[in-house]
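Single-letter residue listing:
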Amino acid sequence: MTHTSKGDTATVRAVGKLTEALEVVEEARGHLYAFHRLTGTADFALEEAIGMLRDAGYDDLAARLDTELLGRNVLPGRWTYQVVEDYEDTYYTVFHEFVDEARQFTPGQRHAYEAELKRTRRTRGHAGHEAEPRDVAGGENSRTATDRSVASSTSR
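The numbers attached to residues start from 1 for each chain and follow its sequence in the written order. Per-residue local features of the predicted model are confined to residues with pLDDT of at least 70, and side-chain atom pairs are confined, for both listing and counting, to 80 or more; whole-chain, interface and lining totals are unaffected and use all residues. Neither water nor hydrogens contribute to the side-chain values; these are computed over all heavy atoms in the structure.

Remark: nonpolar core denotes a set of buried residues (Ala, Val, Leu, Ile, Met, Phe, Trp, Tyr, Cys) joined through side-chain atoms within 4.5 Å. Exposure categories follow from relative accessible area, calculated using a 1.4 Å probe and restricted to protein chains: below 20% of the type maximum is buried, above 50% is exposed, and the middle band is partly exposed. Core analysis: the biggest nonpolar cluster contains nine residues, these being Leu 22, Val 25, Leu 32, Val 83, Val 84, Tyr 87, Tyr 92, Phe 95 and Val 99. Looking at this core, the elements that each hand over two or more residues are helix H1 (9–55) and helix H3 (80–103). Considering each element in turn, this core owes the most residues, six residues, to H3. Contact between two residues is taken to exist if any of their heavy atoms lie within 4.5 Å; hydrogens are not considered. Once residues within four sequence positions are removed from consideration, Leu 22 is found in contact with Phe 95, His 96, Val 99 and Arg 103. Each helix corresponds to a stretch of at least 4 residues labelled H or I by DSSP, and each strand to a stretch of at least 2 residues labelled E; elements are numbered beginning at the N terminus.

Here is the structure:
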């Protein structure tokens with residue numbers, strides 16, 4: 001398919017589904033960052049606990065924790081930052097590149113499916129159903145990136 005000024009319904013739906021999949025990948029990536037931060041926070045708390053155990057006279061347990069658990073890899077050869085980096089380099093970036101390529105068919109609009117849903121589902125002329133931010137009282141100069149990339153006639 002070649003680049004067109006307006007994606008047909010099948011194209012918009014297909015690219016919309018691909019974008020939906022990317023949104024799930026973005027959420028998964030966020031969970032990896034949460035995993036990274038939580039694991040790091042736990043490691044620092046562990047370090048503090050080791051010191052407290054030493055202070056309380058439990059030197060053997062503190063020494064074992066210090067040697068065997070503090071700073072331990074979460075996967076063979078990897079700390080959490082390396083898991084995040086590997087995910088980004090191996091999967092996330094490639095996925096994003098394919099989505100960027102497919103968006104050329106809609107033409108480059110990031111949420112073409114949602115924009116079409118908004119166009120068909122909103123109630124024209126009713127408050128809270130404005131086509132664009134600039135249609136809201138006081139929002140004359142407000143425009144989103146989507147509004148700028150699509151001619152006003154297609155979103156009204």
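Moving on, we get to H1. With 47 residues, H1 should reach 69 Å at 1.5 Å per residue; the first-to-last C-alpha distance of 68 Å fits that figure. Every buried residue of H1 is accounted for by Thr 11, Val 12, Val 15, Gly 16, Thr 19, Leu 22, Val 25, Leu 32, Leu 46 and Ile 50. The inward-facing, buried residues of H1 abut helix H2 (59–68), H3 and helix H4 (112–121). Residues adjacent in sequence count toward polar contacts only when both atoms are side-chain atoms; beyond that, a polar contact is any pair of N or O atoms within 3.5 Å, and within protein one must be able to donate a hydrogen and the other to accept it. With a side-chain oxygen lying 3.1 Å from the backbone nitrogen of Ala 10, the N-terminal cap of H1 falls on Asp 8. Taken from the residues just after H1, Gly 57 is the one with a positive phi, measuring 95 degrees. Helix span, expected: 1.5 Å multiplied by one less than the number of residues in the helix.

Below, the discussion takes up a nonpolar patch on the surface. Patch members must show over 30% relative accessible area and no salt bridge, and they are joined within 9 Å when carrying like charges or within 5 Å when they are nonpolar side chains of Val, Leu, Ile, Met, Phe, Trp or Tyr. What sets the accessible areas is the Shrake-Rupley method with a 1.4 Å probe; for residues, cover comes only from the shown protein chains. Think of a salt bridge as a Lys or Arg side-chain nitrogen and an Asp or Glu carboxyl oxygen that are within 4 Å of each other. A grouping of Phe 35, Val 74 and Leu 75 is seen on the molecular surface, where their side chains present a nonpolar patch of about 220 Å² in accessible area. By the element assignment, Phe 35 lies in helix H1. The exposure class assigned to Phe 35 is partly exposed, which follows from its relative accessible area of 33%.

Turning next to the confidence of the model for the protein. The predictor attaches a confidence to each residue, and that confidence, scored 0 to 100, is pLDDT. Per-residue confidence for the protein gives a mean pLDDT of 85, with 83% of residues at or over 70. Looking over the protein, one finds the lowest element-wise mean pLDDT in helix H6 (residues 152–155), namely 43, and the highest in H2, namely 98. Of the regions scoring below 50 in pLDDT, residues 1–5 engages in nine contacts with residues more than four places distant in sequence or in other chains. Below a pLDDT of 50 lies the segment residues 150–156, which in the model reaches 16 contacts outside its immediate sequence neighbourhood of four places, other chains included.

With that settled, the discussion passes to the packing of H1 against H3. In the contact formed by H1 and H3, the axes pass within 10 Å of each other and the chain directions differ by 165 degrees. Here H1 is positioned roughly antiparallel relative to H3, judged by the angle of their axes. For H1 against H3, the interelement crossing comes out left-handed. When residues are grouped by polarity, Ala, Val, Leu, Ile, Met, Phe, Trp, Tyr, Cys and Pro land in nonpolar, Asp, Glu, Lys and Arg in charged, and all others, Gly among them, in polar. Partitioned by chemical class, the residues of the contact of H1 with H3 number 19 nonpolar, five polar and four charged. Helix axes use the C-alpha atoms of the stretch in contact, all axes being lines fitted to C-alpha atoms, and the angles between their N-to-C directions lie in the range 0 to 180 degrees. Angle categories: roughly parallel below 35 degrees, roughly antiparallel above 145, roughly perpendicular from 65 to 115, and oblique for all the rest. Helix crossings fall into two classes, left-handed where the near helix is turned counterclockwise from the far one by less than a right angle and right-handed where it is turned clockwise.

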